[in-house]
Each structure stands twice: as structure tokens, then as C-alpha cells.
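# Working through the structure, step by step
Take a look at the letters that make up each chain.
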Amino acid sequence: MPAEALAALPHPWLAIEDAHENVAGVLGYLDGFMEAGDYLIVEDSEMKKRELAQIFSDSGFSYRVDSRYTDFFGRNATCAPDSILKKV
């Protein structure tokens, strides 16, 4: 989505990343528009561990895992293990 369209959307957001290319670029782009309380879900995160580790090592990427949802049916019983994230 163009920056102007994203900037005009009301919050809170639920953004779901399911791209398998340029994960860091997609998440970095979205992060620029997300606000505290918005959710970001990274689908198929087991395959994206390296990219996610790189992104989370960036001190400006401020999210926390919301274990209320990742562990709702048991520890990480989801296709997004430790990847249902809430912007802080």
C-alpha cells in the first residue's frame, strides 16, 4: 500500500505478514506506520527465524510477543510461533 493510504488508516491495526520474500523490508515498511497497541502477525515464522532475529536485534523495532494469543491452545500452538506481536 502506498504511504499516503497507510498513514490515513485509523488505528488499532492488525497487520499480517505472509510474504516469503524481503521479510525485513516488508516489516520495516509497516513498522513506520504502526502505533503502540497495533498487532503484527508474522505467518510461517519458523521459516523466517533468521530474518526475524535480524529485525529484532534492531533497537528501534519495539514489539513484544503476546503469549495470550500464541499460547491460547497450548505453548506456541500456532503457525506463527512467538510471532503474534504487539507494538509497544
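Notes on the structure follow.

Residue position: Lys48 is located in the loop between β2 (39–42) and α3 (49–56). Other than its neighbours up to four places away in sequence, Lys48 contacts Glu17, Asp18, Ala19, His20, Val23, Val42 and Glu43.

Turning to the pattern of salt bridges, a few remarks are in order. Overall, the coordinates contain five salt bridges when judged by the stated rule. A salt bridge links Lys87 to Asp31, with the nearest nitrogen and oxygen atoms 2.6 Å apart. Here the residue Lys87 occupies a position in strand β4 (residues 84–87), and Asp31 occupies one in helix α2 (residues 23–31), the gap between them amounting to 56 residues. The partner of Asp71 in a salt bridge is Arg75, and the shortest N-O contact between them spans 3.8 Å. Given a relative accessible area of 26%, Asp71 falls into the partly exposed group.

Parameters and conventions
Residue indices follow the written sequence of each chain, beginning from 1 at its first position. Where totals are concerned, whole chains, interfaces and linings use all residues; where local detail is concerned, this predicted model gives features only for residues with pLDDT of at least 70, and gives and counts side-chain atom pairs only at 80 or more. Heavy atoms from the whole structure form the basis of all side-chain values; hydrogens and water molecules are not counted. Each helix is a run of DSSP H or I of at least 4 residues and each strand a run of E of at least 2, with the numbering of both proceeding from the N terminus. In this description, contact between two residues means that some pair of their heavy atoms is separated by no more than 4.5 Å. One speaks of a salt bridge when a side-chain nitrogen belonging to Lys or Arg is within 4 Å of a carboxyl oxygen belonging to Asp or Glu. With a 1.4 Å probe rolled over the protein chains alone, any residue whose accessible area is under 20% of its type maximum counts as buried; one over 50% counts as exposed, and the rest are partly exposed.

Just distances and angles here, no functional claims.
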